[in-house]
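A look at the structure
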Amino acid sequence: MNKVYKALIIGSGAAAYSVADWLFKEGIKDIAIITENRLSGTSRNTGSDKQTYYKLSMDGYTPDSPYKMALDMFSGGSCDGEKMYIEAVNSQKCFLRLCDYGVNFPTDSFGGFPGYKTDHDDTLRATSVGPLTSKVMTEKLENIVLEHNKTPLLDNRLVIEILKNENRAVGVKVLNLISNQIETIFAENIISATGAPACIYEDSVYPVSQHGMTGVLIDAGVRMCNFTQWQYGMASVDFRWNVSGSFMQVIPRFVSIDEKGEEREFLSDYFTDIHEAYSFVFLKGYQWPFSFERASLSSQIDLAVHAEMQKNRKVFLDYRKNPKDFNFEKLCDEAKKYIIDTDCLVDTPIKRLEKLNSKAIDVYMRQNINLYKDMLKIAVCAQHNNGGVYTDCNFETDIEGLYVIGEAAGSFGLSRPGGSALNDTQVGGLVVSKHIKNKATTFTDIAKDIADYSLNFITDETVDYSHFKKKMSEVASFKRDYEACISLLDEVNAVLEKYPKRHKSLREYYSDKDMLISMKALLEAIIAENPDTGSRGGAIFIKNGKIVEENTHYRDFLSVTGNGKIEYIKVSPVPFGQKPFEYYLNKTDESKF
Ligand SMILES: Cc1cc2nc3c(=O)[nH]c(=O)nc-3n(C[C@H](O)[C@H](O)[C@H](O)COP(=O)(O)OP(=O)(O)OC[C@H]3O[C@@H](n4cnc5c(N)ncnc54)[C@H](O)[C@@H]3O)c2cc1C
């Protein structure tokens, strides 16, 4: 008789530990966590200038409500009103749990939580514990889950297949990365908290250790929601870090170098007024992600960087000297005022950075990159997938008993307030735990033949599919070319149709299969969706050599894709109004949010 857990959680990031702890609090203790590597993933290995957590305002002075917060998240377009309300109304509870566990969000002397404004949001809902908010969250949650709750964690296990009985998930097939053997684990409920399919792109600011498991989920039969909606922006690539905020506000030189080492400043090739370009560089400080709506404004800088790279030139930021013909007086008023107000009107970008945010220089110094001497290699990188696996409001997929939470799930639309991804990692787990607690069990064990694929596997050091990542960055990231996406899809399909059982290792065999399936799904989604919706959100779409403008009609719909088909599902509005209090007083079923 197989051991069957009540719930199996895949992943060891902020979302995985969140759900593990919420389940424990609900009294569901027959659970286990499984992960390819306890220390990998985005939450634990990433950060930014001031990594943001977004929740209901709790500064003590700002009037706010979950309804207002949900409307703000909903206003980005193509996201579900009910889901945004769930994200908002549960945000305080999740935030306060993190505080209880020792995540030291700043407080004022009365105990309120002061906040700041963040991308796409003008309220004071954002907070932070510094550059590594998600790492601190993950470590504090992990401590509770492993040390206090004593939830077992099975490390070094790569999930390679979701086992199903008809349309019900019943377990997972796993590659044990130590023994190289295939194992099976059964559970009534499977929760994938496996993060974004970061493996898709070469130009990426995700940590190298984050691959994702989206291909495995697609193979199991889930559909994707808003999968085309990603956030891309400029980041350094040797050490992966967003060059947002002060890195842009000090207006460095933009330099490209060709294969022969010929170096030039290139912004003047793309702008008739070079000081308009420098003003846009400044604005990139707080308009960091590429946005189609700003494609003729500050996002032109991203397009210029991409165009240089398409010419086979490497692109760098140089803080040592002012850009060509730089004249402070010719900058836009906003830039001039900011530079004067922050007392940064000094000779060079590096001196301005020293005055504005010297810690930004230290971040690179710790990685042996000396901005006083070295130029910083950059690209326009994938940073976040707003879309992902399609789930209902309980975060359950089309497959019964299979839940997806955190960045792997498609919770957001065209844009989202900065910091809402971290709130989402916490709320998803809360909702799933309540749903699992309150639903009737429908589990039946399976007696399925579990073939050991390792028997037929051939080790071959020459197998390499990494060139597909480069192509994805070139034609299917923030600048998408319809015809090039079709040819790339043909190439990916050709490999997948005969996916040979040979690779450098079994791990790479399964990881690359997952990557290729994810690429196929994204290319199919772009090809199916973008001709209807046009350019939108974080991407510009080109067909027959021409930019296709956005068709805003589609902002009221989720784009749900699978098997090359697309379905537009009307978004639900943000719910408003409640029944008389006594209705809730007498109600026992908590799962209906
Ligand atoms: C540079 C950068 C800056 C960011 N800044 C912010 C910010 O300021 N505010 C904000 O809200 N968000 C931000 N984000 C986004 C946010 O950090 C992520 O959305 C979030 O951390 C994702 O958490 P997660 O738990 O869903 O996934 P992850 O933390 O990525 O965890 C995924 C886990 O799944 C495991 N796993 C994956 N595949 C398998 C498999 N096949 N088998 C077993 N285990 C597997 C991995 O090992 C890992 O443990 C930023 C992201 C980046 C890259």
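Computed from a prediction, not measured in an experiment: that's the story for all the values here.

**Focus on unusual backbone geometry**
- Although it is not a glycine, Lys150 adopts a positive phi angle of roughly 60 degrees.
- Mapped onto the secondary structure, Lys150 falls in the loop between helix 6 (133–148) and strand 6 (153–154).
- One non-glycine residue, Asn226, lies in the positive phi region at around 50 degrees.
- For Asn226, the position within the fold is in the loop between strand 10 (224–225) and strand 11 (230–236).

**Notes on the side chain of Ser43**
- Relative to the helices and strands, Ser43 is located in helix 2 (residues 42–45).
- Overall, Ser43 belongs to the buried group, its relative accessible area being 14%.
- What Ser43 contacts, discounting residues up to four positions off in sequence, is Gly13, Ala14, Ser134, Lys135 and Thr138.

**A closer look at the environment of Trp22**
- Counting through the fold element by element, Trp22 comes out in helix 1 (residues 14–25).
- Judged by its relative accessible area of 6%, Trp22 falls in the buried class.
- In sequence terms Trp22 and Met73 are 51 residues apart; their C-alpha atoms lie 24 Å from each other.
- Those residues in contact with Trp22 that lie beyond four places of it in its chain are Lys93, Cys94, Arg97, Gln426, Gly429, Leu430 and Ser433.
- Looking at Trp22, its side chain comes within polar contact range of the main-chain oxygen of Gln426, at 3.3 Å.

**Notes on the pattern of salt bridges**
- Applying the stated rule across the entire model yields 36 salt bridges.
- Put simply, Asp72 and Arg125 hold a salt bridge, and the shortest N to O gap is 2.7 Å. Of the two residues, Asp72 sits in helix 3 (residues 66–74) while Arg125 sits in strand 5 (residues 121–127), which places them 53 residues apart along the sequence.
- Two residues, Arg502 and Asp460, come together in a salt bridge whose shortest N-O distance is 3.0 Å. Of the two residues, Arg502 is situated in strand 21 (residues 502–503) and Asp460 in the loop between strand 19 (458–459) and helix 14 (467–475); the sequence distance between them amounts to 42 residues.
- Given a relative accessible area of 33%, Arg502 falls into the partly exposed group.
- Because the salt bridges share partners, they merge into one network encompassing Asp258, Glu262, Arg264, Asp269, Glu308, Lys311 and Arg313.

**Digging into helix 13 (residues 420–438)**
- When the terminal C-alpha atoms of helix 13 are compared, their 27 Å separation across 19 residues agrees well with the 27 Å that a helix rising 1.5 Å per residue should span.
- When you tally the buried positions in helix 13, you get 17 out of 19 residues, the bulk of the element.

**A word on the nonpolar core**
- Counting residues in hydrophobic clusters, the biggest one holds 117 residues, and the most contacted among them are Met234, Phe254, Leu267 and Leu516.
- The biggest single contributor to this core is helix 16 (residues 506–533), with 12 residues.
- Two domains share this core, each providing at least three of its residues, namely domain 1 (237–382) and domain 2 (453–554).
- Not counting residues within four places of it along the chain, the set of residues in contact with Met234 comprises Asn242, Val243, Met248, Phe254, Lys284, Trp288, Ile301, Asp302, Val305, Ile378, Ala379 and Val380.
- With 38 residues, the next largest nonpolar core counts Ala15, Phe105, Leu141 and Val431 among its residues.

**Focus: the environment of Lys324**
- Its location among the elements puts Lys324 in the loop between strand 15 (314–318) and helix 11 (333–341).
- For Lys324, a relative accessible area of 44% translates into the label partly exposed.
- Separated by 58 residues in sequence, Lys324 and Phe266 place their C-alpha atoms 9.8 Å apart.
- Contacts of Lys324, omitting those with residues within four sequence positions, involve Glu265, Ser268 and Tyr278.

**Observations regarding the domain arrangement of the protein**
- Considered domain by domain, the protein is made up of domain 1 (237–382) and domain 2 (453–554).
- If you look at the interface, domain 1 gives 9 residues, while domain 2 gives 14 residues.
- For the domain 1 and domain 2 pair, buried surface summed over both sides reaches about 880 Å², with 71% attributable to carbon and sulfur atoms.
- There are 2 residue pairs in polar contact (both at pLDDT 80 or more) connecting domain 1 and domain 2.
- The leading source of residues in the side of domain 1 that touches domain 2 is helix 10 (residues 300–310), at 4 residues.
- Of the residues assigned to the side of domain 1 that touches domain 2, the class counts are 5 nonpolar, 3 polar and 1 charged.

**Thoughts on the packing of aromatic side chains**
- Overall, the coordinates contain 28 aromatic pairs when judged by the stated rule.
- When the ring of Tyr201 is compared with that of Trp230, the centres are 5.3 Å apart and the planes differ by 85 degrees; the resulting orientation is edge-to-face. Of the two residues, Tyr201 sits in the loop between strand 9 (182–192) and helix 7 (214–220) while Trp230 sits in strand 11, which places them 29 residues apart along the sequence. Neither residue differs from the other here; Tyr201 and Trp230 are each classed as buried.
- Members of the aromatic cluster, connected to one another through ring pairs, are Tyr201, Phe227, Trp230, Tyr232, Phe290 and Phe478.
- A cation sits over an aromatic face here: Lys543 above Tyr482, 4.7 Å from the ring centre.
- Sitting over the face of the ring of Tyr583, Lys579 holds its NZ or CZ atom 4.8 Å from the ring centroid.

**Brief notes about the packing of helix 5 (residues 91–100) against helix 13**
- Packing of helix 5 against helix 13 brings their axes to within 9 Å, and their N-to-C directions diverge by 105 degrees. Relative to helix 13, the element helix 5 lies roughly perpendicular. For the pair helix 5 and helix 13, contact is made by Ser91, Lys93, Cys94, Arg97 and Leu98 and by Asn423, Gln426, Val427, Leu430 and Lys434, respectively.
- Taken together, the residues that form the contact of helix 5 with helix 13 break down as 4 nonpolar, 3 polar and 3 charged.

**Considering the sheet that holds strand 16 (residues 376–385)**
- Read from one edge to the other, the open sheet built from 6 strands follows the order 12-11-16-15-13-14, with strand pairing classed as antiparallel. Each end of this open sheet is capped by a strand with a single partner; those strands are strand 12 (241–242) and strand 14 (263–265).
- Pairing analysis gives 3 bridges linking strand 15 to strand 16, with the strands arranged antiparallel. Looking at strand 16, one finds that Val315 is bridged to Ile378.

**Description of the site of the ligand**
- Close to the ligand lie 37 residues, the nearest being Ser40, Thr42, Ser43, Thr52 and Glu407.
- Within the contact set of the ligand, an oxygen atom lies 3.0 Å away from a backbone nitrogen or oxygen of Ala15.
- The fraction of the free accessible surface of the ligand (1000 Å²) that becomes covered by protein chains is 98%.
- Going through the elements one at a time, helix 1, helix 2, strand 7 (157–165), strand 16 and helix 13 are the ones with two or more residues in the shell around the ligand.
- The element contributing the most residues to the shell around the ligand is helix 13, with 4 residues.
- Split by residue class, the shell around the ligand holds 10 nonpolar, 24 polar and 3 charged.

Conventions adopted
- Residues numbered from 1 in each chain as written.
- Predicted model: local features only at pLDDT ≥ 70, side-chain atom pairs only at ≥ 80, totals over all residues.
- Heavy atoms only, no water.
- Helix = DSSP H or I, 4+ residues; strand = E, 2+ residues; numbered from the N terminus.
- Buried < 20%, exposed > 50% of the residue type's maximum accessible area, 1.4 Å probe, protein only.
- Contact = heavy atoms within 4.5 Å.
- Polar contact = N/O pair within 3.5 Å; in protein donor to acceptor, adjacent residues only side chain to side chain.
- Salt bridge = Lys/Arg side-chain N within 4 Å of Asp/Glu carboxyl O.
- Expected span 1.5 Å × (residues − 1).
- Core = buried A, V, L, I, M, F, W, Y, C linked by side-chain atoms within 4.5 Å.
- Domains from an automatic or database assignment.
- Buried area = accessible area lost by both parts, 1.4 Å probe.
- Nonpolar A, V, L, I, M, F, W, Y, C, P; charged D, E, K, R; others polar.
- Phe/Tyr/Trp six-rings, centres within 6.5 Å; stacked < 30°, edge-to-face > 60°.
- Lys NZ or Arg CZ within 6 Å of the ring centre and 35° of its normal.
- Axes fitted to C-alpha atoms, helices over the stretch in contact; angles between N-to-C directions.
- Parallel < 35°, antiparallel > 145°, perpendicular 65-115°, else oblique.
- Pairing = 2+ DSSP bridges.
- Near = heavy atom within 4 Å.
- Areas by Shrake-Rupley, 256 points an atom, 1.4 Å probe, with all protein chains shown as cover.

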